[in-house]
Amino acid sequence: MSTQIEAMVRQTSFPFADAPDPAKFSVCVHCGFCLEVCPTYQEESNESHSPRGRVYLIKLASEGLIPLDEGVVSPVETCLDCRACESVCPSGVQVGALIEEARGQVYLARVENKKASGIQKLFLRGIFPYPARLHALGSLLRFYQRSGMQRIVRGTGLLRVLPDAMREMEGVMPEISAQRALTTLPERIPVAQPKRSVGLFTGCVMDVFFSQINEATARVLTKNHIEVHVPKRQLCCGALHVHAGDREQARQLAKTNIDVFLEEGVERIIINAAGCGAALKEYPELFKDDPVWHEKAVDFSARVRDISELLVEENFEKPKGRVERRVTYHDACHLCHAQGIRKEPRAILQSIPGVTLVPLPDSERCCGSAGIYNLTHPEMAGNLLERKMDDLPETIDAVVMGNPGCMLQLRLGVKKRQQDLDVLHTVELLDASYQKEGVTYGN
Ligand code: SF4
Ligand code: SF4
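Keep in mind the model is a prediction, meaning the values are calculated, not measured.

### Some words on the site of ligand 1
Part 1 of the argument: With respect to spatial proximity, the complete set of residues near ligand 1 consists of C28, V29, H30, C31, G32, C34, R52, C89, P90, S91 and V93.
Part 2 of the argument: Residue composition of the shell around ligand 1, grouped by class: seven nonpolar, three polar and one charged.

And the structure:
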């Protein structure tokens, strides 16, 4: 049989819909430029755990030359989806999208074999898609923190029953606010002579753990004469679902968000969480086999901007209030590699009187957060966090970034090393400077 006929009769090892797209893996020229920037390859020197190796294994499985077993699943699951490889790839291989499509196949195979993780299903299908349940989870965590229960649990050593990674995260959980910004912010924050109207995407992790950053974002926007809409029917962006391979649930969430924001008629959709921003901009990927929703997703995604991107695009008002800080900036993977946003947050920080921006070596290397990677692969995540902490300049008093997952991870690093360092979002510093000028909503 000729090789061509053999390939036609061979069964793919990715039998479900929405499989890895051959157009994506076929452009890999095996040059290996991506190897040296891949954090998992740097740690393990294992070709299977490099971008080139992963792309090749996905190709082999796609063509039915190898089965969908541990030899493929492990490399696909240990990928951070950090996209550092995409930033250096001369052929434009969409490694992240390929990994996510392959994870979709792994997820569906597990569902078919009834091996899907119960915890993952509980959080991804049972809590994140439902704002009321997410709010209840936030309230529960707040009760845990404020009722004295946290002190008792810590004192009795009950936390020892948790896996190490979850126990560590419990230790750096920020103080949960009583309300999420999605609830407290008005549905529309008008401004005099608006330059633009935008919809604020409040996110899940951001709004449960850092709702004050969403409030700061709204203040910063109105200070720049931008009218803010906060559509109350918005849902989780689905980024964590895509990471975990649950693409169908991600599609359901995306459909609601697309309808809600397009109906709102806003010119831009603003996000301050890098992981969510990348997911929102990549909605068209989820609908590549559905022309109707694909068209709507393209319209939606074209309006999405990271807050730093929008502020620079709109020639933001230069802040005047002094904020005396020596800071360094960590590039969240999904901001720099997935969205190409590097200069904008730095331009904002450098515009703030009193802020000194100290360069961070290898600032684009992943901190190990990567969605829930720090919970699923604690050892690799821990090693990457250690490297990030080693790189932080000694002279700073804060490390700044644009993603809540990185903020939680860096808080963990700061706590472990008992350093006197704040972990902040770019918008918090800009807001602090504007606040010194006496900013209120809508002025
Ligand atoms: S993914 Fe890109 S950089 Fe890596 S081997 Fe393939 S073509 Fe080269
Ligand atoms: S996305 Fe990150 S971890 Fe995954 S292959 Fe690329 S560089 Fe490596």
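### So, the layout of surface pockets
Part 1 of the argument: Its volume calculated, the second largest pocket comes out at about 230 Å³.
Part 2 of the argument: What lines the second largest pocket is a set of 19 residues, and nearest its centre among them are R83, E100, V242, A279 and E282.
Part 3 of the argument: Elements represented by at least two residues in the lining of the second largest pocket include exactly α7 (95–112), α15 (239–244), α17 (274–281) and α18 (283–286).

### Thoughts on the environment of L57
Part 1 of the argument: Tracing the backbone shows L57 in helix α4 (residues 51–62).
Part 2 of the argument: L57 sits eleven residues away from L68 along the chain, and the two C-alpha atoms are 9.6 Å apart.
Part 3 of the argument: For L57, the residues in contact, after removing those within four places along its chain, are S48, I66, G71 and P75.

### Let's talk about the packing of aromatic side chains
Part 1 of the argument: Tallied over the full model, the rule gives four aromatic pairs.
Part 2 of the argument: Ring centres of F201 and F261 lie 5.7 Å apart, and the angle between their planes is 25°; this geometry places the pair in the stacked category. Of the two residues, F201 sits in strand β2 (residues 196–201) while F261 sits in helix α16 (residues 247–264), which places them 60 residues apart along the sequence.
Part 3 of the argument: Centroid distance F261 to F300: 6.2 Å. Interplanar angle 75°. Geometry classified as edge-to-face. Within this pair, whereas F261 is found in helix α16, its partner F300 is found in helix α19 (residues 291–303), the two being separated by 39 residues in sequence. One exposure class covers both F261 and F300, and it is buried.
Part 4 of the argument: Connected via pairs of aromatic rings, a cluster forms that spans F201, F261, Y283 and F300.

### Section: the sheet that holds strand β6 (residues 325–329)
Part 1 of the argument: Spatially, β7-β6-β8-β9 is the arrangement adopted by the four strands of the open sheet, whose pairing is parallel. Strands at the two margins of the open sheet, each flanked by one partner only, are β7 (355–358) and β9 (422–425). Each strand axis lies, on average, 35° off the axis of its neighbour in the sheet, ignoring direction.
Part 2 of the argument: Packing of helix α26 (residues 426–435) onto the sheet brings it into contact with β6, β8 (398–401) and β9, and relative to β9 it is tilted by some 85°.

### Observations regarding the side chain of E227
Part 1 of the argument: Tracing the chain through its elements places E227 in strand β3 (residues 226–229).
Part 2 of the argument: A relative accessible area of 10% places E227 in the buried class.
Part 3 of the argument: A polar side-chain atom of E227 sits 2.8 Å from a polar atom in the side chain of H229.
Part 4 of the argument: Beyond its immediate sequence surroundings of up to four residues, E227 is in contact with R188, I189, P190, V191, P194, R196, S197 and V198.

### Some words on the site of ligand 2
Part 1 of the argument: With respect to spatial proximity, the complete set of residues near ligand 2 consists of C38, P39, T40, P51, R54, C79, L80, D81, C82, R83, A84 and C85.
Part 2 of the argument: Of all the elements in the fold, those that place two or more residues in the shell around ligand 2 are α3 (39–44), α4 and α6 (84–88).
Part 3 of the argument: Split by residue class, the shell around ligand 2 holds eight nonpolar, one polar and three charged.

### Section: the side chain of S308
Part 1 of the argument: Relative to the assigned elements, S308 resides in helix α20 (residues 307–313).
Part 2 of the argument: Once you skip the residues sitting within four places of it in the chain, S308 turns out to touch I341, E344, P345 and I348.

### Focus on the packing of α16 against α19
Part 1 of the argument: Contact geometry of α16 with α19 gives a least axis separation of 10 Å together with a crossing angle of 60°. Taken together, the axes of α16 and α19 are oblique relative to one another. Viewed along their axes, α16 and α19 form a crossing whose handedness is left-handed. Residues K255, N257, I258, D259, F261 and L262 of α16 form the contact with α19, whose own contacting residues are W293, K296, A297, D299, F300 and R303.
Part 2 of the argument: Looking at side-chain class alone, the contact of α16 with α19 contains six nonpolar, one polar and five charged residues.

### What to know about the sheet that holds strand β1 (residues 188–189)
Part 1 of the argument: One open sheet accounts for five strands, arranged β1-β3-β2-β4-β5; its pairing is mixed. Two strands close off the open sheet at either side, each with one partner strand: β1 and β5 (304–306).
Part 2 of the argument: Pairing between β2 and β3: four bridges, direction parallel. By the bridge assignment for β3, S197 is matched with E227.
Part 3 of the argument: Across the sheet, α17 is in contact with β2, β4 (268–271) and β5; its angle to β5 comes to roughly 160°.
Part 4 of the argument: Contacts between α19 and the sheet are confined to β4 and β5, with β5 contributing the most and set at about 30° to the helix.

Calculation rules
- Residues numbered from 1 in each chain as written.
- Chains lettered and ligands numbered in written order.
- Predicted model: local features only at pLDDT ≥ 70, side-chain atom pairs only at ≥ 80, totals over all residues.
- Heavy atoms only, no water.
- Near = heavy atom within 4 Å.
- Nonpolar A, V, L, I, M, F, W, Y, C, P; charged D, E, K, R; others polar.
- 1 Å grid on protein atoms, 1.4 Å probe; cavity = no way out; pocket = protein on both sides within 12 Å on 5 of 7 lines; lining within 4 Å.
- Points joined across faces, edges and corners; volume = space filled by probe spheres on them.
- Helix = DSSP H or I, 4+ residues; strand = E, 2+ residues; numbered from the N terminus.
- Contact = heavy atoms within 4.5 Å.
- Phe/Tyr/Trp six-rings, centres within 6.5 Å; stacked < 30°, edge-to-face > 60°.
- Buried < 20%, exposed > 50% of the residue type's maximum accessible area, 1.4 Å probe, protein only.
- Pairing = 2+ DSSP bridges.
- Axes fitted to C-alpha atoms, helices over the stretch in contact; angles between N-to-C directions.
- Polar contact = N/O pair within 3.5 Å; in protein donor to acceptor, adjacent residues only side chain to side chain.
- Parallel < 35°, antiparallel > 145°, perpendicular 65-115°, else oblique.
- Left-handed = near helix turned anticlockwise from the far one by under 90°.

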